[in-house]
Amino acid sequence: MPAPAERRIIFKHIDEPGYTPDLACYLRHGGYASLRKALGMAPAAIIDEVKKSGLRGRGGAGFGCGLKWSLVDRKSGKPIYLVVNADESEPGTFKDRYIIHQDPHQLLESIMVSSWANNVRQAYIYIRGEFPYGARILEKAIAEARAANLVGPNVLGSGYSCEIYVHRGAGAYICGEETGLIESLEGKRPYPRIKPPYFPAVLGLYQCPTIVNNVETLCHVKHIVDVGGEEFAKIGTPGNTGTRILCVSGHVRRPGYYEYEVGRITLGQLLNEVCGGPLPGRTFKAIIPGGSSAKVLRWGETFTLKNKDGSTRTLAAEDIPMDFDTLAACGTMGGSGGVIVMDDSVNMVEALANINAFYAHESCGQCTPCREGSLWMKKITARMVHGQARAEDGALLQGVADQIAGRTICAFGEACSWPTQSFLAKFGDEFRAYPEAKTAPRPESVPLA
Amino acid sequence: MNLKPETLQRIEEVIPHYPVARSAVLPLLHLIQEDAGFISAEATEWVAARLDLQPINVLEVVTFYPMFRQQPIGRRLIKVCRTLSCALRGGYQTCAAFEQEFKVRRGGVSADGEVTIEFVECLASCGTAPVVMIDDDLHENVDCARARELSARIRAEAAARR
Ligand SMILES: Cc1cc2nc3c(=O)[nH]c(=O)nc-3n(C[C@H](O)[C@H](O)[C@H](O)COP(=O)(O)O)c2cc1C
Ligand code: SF4
Ligand code: FES
């Protein structure tokens, strides 16, 4: 079957000639009609539509957006905050960047709709520090929307008021984790909070109920209001609704961003047809399907999965539909939508050394297993790559990685151990053979660590 | 503290964005670093006093976040992405090309004080790897040849300034 056509909802205007990030252009394209419509609806009705839509979070965990909203403590009497996660720091992920830079009003309109639905009076966009222009574009867009009475006091004469502020991070990956982000927004080190009790929906920003959603997740909300939750749920596949942006990087002919109905395109179609296949003379070897924290897939491996009726089916990696549930059933995850492709020129020890250096650099250091474990995994793989590999290194790595997950405050613990565990599980022979492989000439390979 | 009037004005504008003044630590540090180039001990104390915090509350933030620095750096900052997608497309070689052009190892300042080269983690532009940020500007698909072009441009801009 040929790959289906892209279905651009969130990225409808990205890279469209003549489309500019200013309010006038957005209004010419029908902008802020969803906000007008939403203000005529009861907030609870909007939350209901979002629930019916089946929308799941695009930031990493794929948690139901409507469910997240329904967990918010609305009885505390404290203000409710909305925090937009625009940290976009998961390696391999580069989608929120284009929304922010090219279509900021789509995000602002969705923030206003979501804020109205959740009785939020103050929303913050937490944007990574490395997007200086993105922050300025958003600030300018907020000022324009404010001047047009679309943000701020008494929005469109409705009596409802809500402010949006932009808050810049400063280069730390852990600020993407929602409770680390909240600490950072409070002006502190971004040390993730322990859950329970600090679930953002109850004890978030300033110990008030707080919703944290990813940029792409929120952008869907305005479209859900446009078409209704039930219609929206027809896009994609059951339980995996809507479109999502797949970011492809690494060894393919046409890396880039592609928006597809969730689960309607397979990994093989995406890489071979959409991205043009491997580089000349190469073959695919390994794929990380959902940002660098997701477990690696070996090209050509097969999975035996359970069907609903109890029977089983066998699926090759290239036939995996790019949805949340199948990727999870195959032992990995859709995560942030960042698909990193490695071809046969790559040695997996070197690729892992690169990934381990990232996690060792980014661990916040609160939990001993994560702080020490990520550092040791980095040291071992770095030593291997730099000429001192030992036959027992694979086992050593395994021992360190297995002592992290489940013993830490935040999911970074899993994120940093999954690469090592999955690389060893799928490519263990390369770790054992590395001492000799290192000395064999591989002219086509580039340094990775 | 010798801050520009517009920096002081923007500082006063940003503090009321938050119900709790401490939240303004990061925005204030960004504004001061943009103005002064780095965060001095004096700046740390100034921010603490302005937000009614202890200096350690600000210092612990300055020392955690990679983008804040406590020393001056070169006039231009070249950040080369080190992470996997860029590395697969030659990011380490791109970094080496910049190092050769300016005869300085990453982490250091070139002898003429013109550039600092840094390796940084994923810049969220992995589809156009390898990528580099020079000051606020992102440059995409920066192979070694492109790195040399960008270096020549930096040198030309430096010469024009003299
Ligand atoms: C270590 C770590 C890093 C994360 N980085 C990001 C990020 O950069 N952007 C993001 O949206 N979510 C990130 N997340 C997920 C957030 O914690 C949170 O689940 C998400 O923002 C919720 O939004 P969603 O439900 O709309 O997906 C990260 C999680 C972890 C554990
Ligand atoms: S798991 Fe790692 S990143 Fe998360 S809180 Fe613990 S030390 Fe910090
Ligand atoms: S890996 Fe370099 S931009 Fe993401």
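Bear in mind that the values here come from a model prediction, so they are computed numbers and not experimental data. Sequence positions are assigned chain by chain, starting from 1 and proceeding in written order. The order in which chains are written sets their letters, starting at A; the order in which ligands are written sets their numbers, starting at 1. Local features in a predicted model are, by the rule used here, given only for residues with pLDDT of at least 70; side-chain atom pairs are given and counted only at 80 or more, and totals for whole chains, interfaces and linings are based on all residues. Side-chain measures here rest on the full set of heavy atoms in the structure, leaving out hydrogens and waters.

**Examining the overall build of chain B**
When helices and strands are tallied, chain B shows seven helices and four strands. Beginning at the N terminus, the succession of helices and strands in chain B can be written as α-α-α-α-β-α-α-β-β-β-α. Overall size of chain B, expressed as C-alpha extent along the three principal axes, is 50 × 35 × 25 Å. The burial tally for chain B puts 54% of its 162 residues in the buried class. By definition, residues are in contact when any of their heavy atoms lie within 4.5 Å. Across chain B, contacts joining residues at least 24 apart in sequence account for 60% of those joining residues at least 6 apart. Of the roughly 7,300 Å² that chain B leaves accessible, carbon and sulfur atoms contribute 49%. Counted as positive: Lys and Arg. Counted as negative: Asp and Glu, with His and the chain ends omitted from the count. Where a charge lies is defined by one atom per residue type, namely NZ (Lys), CZ (Arg), CG (Asp) and CD (Glu). The centroid of the 19 positive side-chain charges in chain B is displaced by 7 Å from the centroid of its 22 negative side-chain charges. Elements are defined by DSSP. Helices are runs of H or I of four residues or more, strands are runs of E of two residues or more, and each kind is numbered from the N terminus. Any residue under 20% of the maximum accessible area for its type is buried, any over 50% is exposed, and the rest in between are partly exposed; the area is computed with a 1.4 Å probe on protein chains only. Per-residue and other accessible areas follow the Shrake-Rupley method at a 1.4 Å probe size, with only the shown protein chains counted as cover for residues.

**Here we look at the site of ligand 1**
Residue and element names in this part refer to chain A. The criterion for a residue being near a molecule or strand is simple. One of its heavy atoms has to lie within 4 Å of it. Around ligand 1, 19 residues are found, and the nearest of them are Gly59, Lys68, Asn85, Asn214 and Thr217. Contacts described as polar in this section are N or O atom pairs within 3.5 Å, which, within protein, must combine one atom able to donate a hydrogen with one able to accept it, while residues neighboring in sequence count only if both atoms come from side chains. The contact in question runs from an oxygen atom of ligand 1 to an N or O atom on the side chain of Asn85, over 2.9 Å. One nitrogen or oxygen atom from the side chain of Asn213 is found 2.9 Å from an oxygen atom belonging to ligand 1. Computed on the free molecule, ligand 1 has an accessible area of 610 Å², of which 89% lies beneath the protein chains in the complex. Per-element accounting of the shell around ligand 1 gives the leading share, three residues, to strand E4 (residues 210-214). In this classification, Asp, Glu, Lys and Arg are treated as charged, Ala, Val, Leu, Ile, Met, Phe, Trp, Tyr, Cys and Pro as nonpolar, and every other residue, Gly included, as polar. Counted by class, the shell around ligand 1 contains four nonpolar, nine polar and six charged residues.

**A short note on the packing of helix H2 (residues 25-36) of chain B against helix H3 (residues 41-51) of chain B**
All names here are of chain B. Orientation of H2 relative to H3, taken along the N-to-C sense of each, is 140°, at an axis distance of 11 Å. Taken together, the axes of H2 and H3 lie oblique to each other. The two elements H2 and H3 meet at a crossing, and its hand is right-handed. Mapping the contact onto sequence places Val25, Leu28, Leu29 and Ile32 in H2 and Ala43, Trp46, Val47, Arg50 and Leu51 in H3. All axes here are fitted lines through C-alpha atoms, helices being fitted over the stretch that makes contact, and every angle between N-to-C directions spans 0 to 180 degrees. Put simply, angles under 35 degrees are roughly parallel, angles over 145 are roughly antiparallel, angles from 65 to 115 are roughly perpendicular, and the rest are oblique. Should the near helix be turned anticlockwise from the far one by less than a right angle, the crossing is left-handed, and should it be turned clockwise, the crossing is right-handed.

**Topic: the pattern of salt bridges**
By definition here, a salt bridge exists when the distance from a side-chain nitrogen of Lys or Arg to a carboxyl oxygen of Asp or Glu is within 4 Å. Under the definition given, this model contains 36 salt bridges over all chains. A salt bridge links Glu186 of chain A to Lys188 of chain A, with the shortest nitrogen-to-oxygen separation between them at 2.8 Å. The exposure class of Lys188 of chain A is partly exposed, given its relative accessible area of 22%. Across the pair Arg76 of chain B and Glu157 of chain B runs a salt bridge, and its minimum N-O distance is 2.7 Å. Of this pair, Arg76 of chain B sits in strand E1 (residues 76-81) while Glu157 of chain B sits in helix H7 (residues 144-161); the two residues are 81 residues apart in sequence, bridging distant segments of the chain.

**Some details on the domain arrangement of chain B**
When cut into domains, chain B gives domain 1 (5-64) and domain 2 (76-161). Placing a centre on the C-alpha atoms of domain 1 of chain B and another on those of domain 2 of chain B gives a separation of 29 Å. Domain extents, as shown, originate in an automatic or database domain assignment.

**Re the site of ligand 2**
Inspection of the region around ligand 2 gives 13 residues, with Cys364, Cys367, Cys370, Thr408 and Cys410 of chain A positioned closest. Of the residues belonging to the shell around ligand 2, the class tally is eight nonpolar, five polar and no charged.

**Re the nonpolar core**
Side-chain atoms within 4.5 Å link the members of a nonpolar core, which is a set of buried Ala, Val, Leu, Ile, Met, Phe, Trp, Tyr and Cys residues. In this structure, Ile288, Met342 and Phe423 of chain A together with Leu29, Tyr65, Ile78 and Phe98 of chain B are the most contacted members of the largest nonpolar core, which totals 98 residues. A domain split of this core shows at least three residues from each of domain 1 (5-64) and domain 2 (76-161) of chain B. Membership of the second largest hydrophobic core comes to 67 residues, among which are Tyr98, Ile99, Leu107 and Ala145 of chain A.

**Some remarks on the sheet that holds strand E1 (residues 80-86) of chain A**
In short, DSSP must find at least two bridges between two strands for them to pair. On the basis of which strands lie adjacent, the open sheet formed by four strands has the order E3-E2-E1-E4 (chain A) and parallel pairing. Two strands bound the open sheet, and with one partner strand each, they are strand E3 (163-168) and E4 of chain A. Ignoring which end each strand starts from, the neighbouring axes of this sheet average 20° apart. Sheet analysis places E1 of chain A next to E4 of chain A, joined by five bridges and oriented parallel. In the strand pairing of E4 of chain A, Val83 of chain A is matched with Val212 of chain A. In the packing of helix H9 (residues 215-227) of chain A onto the sheet, the strands contacted are E1 and E4 of chain A, and the crossing angle to E4 of chain A comes to about 95°. Packed onto the sheet, H2 of chain B meets strand E2 (120-127) and E3 of chain A and runs at close to 55° relative to E3 of chain A.

**Let's talk about the sheet that holds strand E9 (residues 284-288) of chain A**
Residues and elements named next belong to chain A. Strand order in the open sheet formed by five strands is E8-E7-E13-E9-E10, with mixed pairing between adjacent strands. If you trace the sheet from one side to the other, it starts and ends with strand E8 (256-261) and strand E10 (297-298), each paired once. Of the pairings in the sheet, the one linking E9 to E10 comprises two bridges and is antiparallel in character. Directly across from Ile287, in E10, lies its bridge partner Leu297. Against the sheet, helix H16 (residues 412-437) makes contact with E9, E10 and strand E13 (338-343), and its axis sits at roughly 150° relative to E9, the strand it touches most.

**Concerning the environment of Phe284 of chain A**
Residue and element names in this part refer to chain A. Structurally, Phe284 is set in strand E9. Here Phe284 falls in the buried class, since its relative accessible area comes to 9%. Leaving out residues up to four positions away in the same chain, Phe284 has contacts with His251, Val252, Leu271, Asn272, Gly277, Pro278, Trp299, Val341, Met342 and Asp343.

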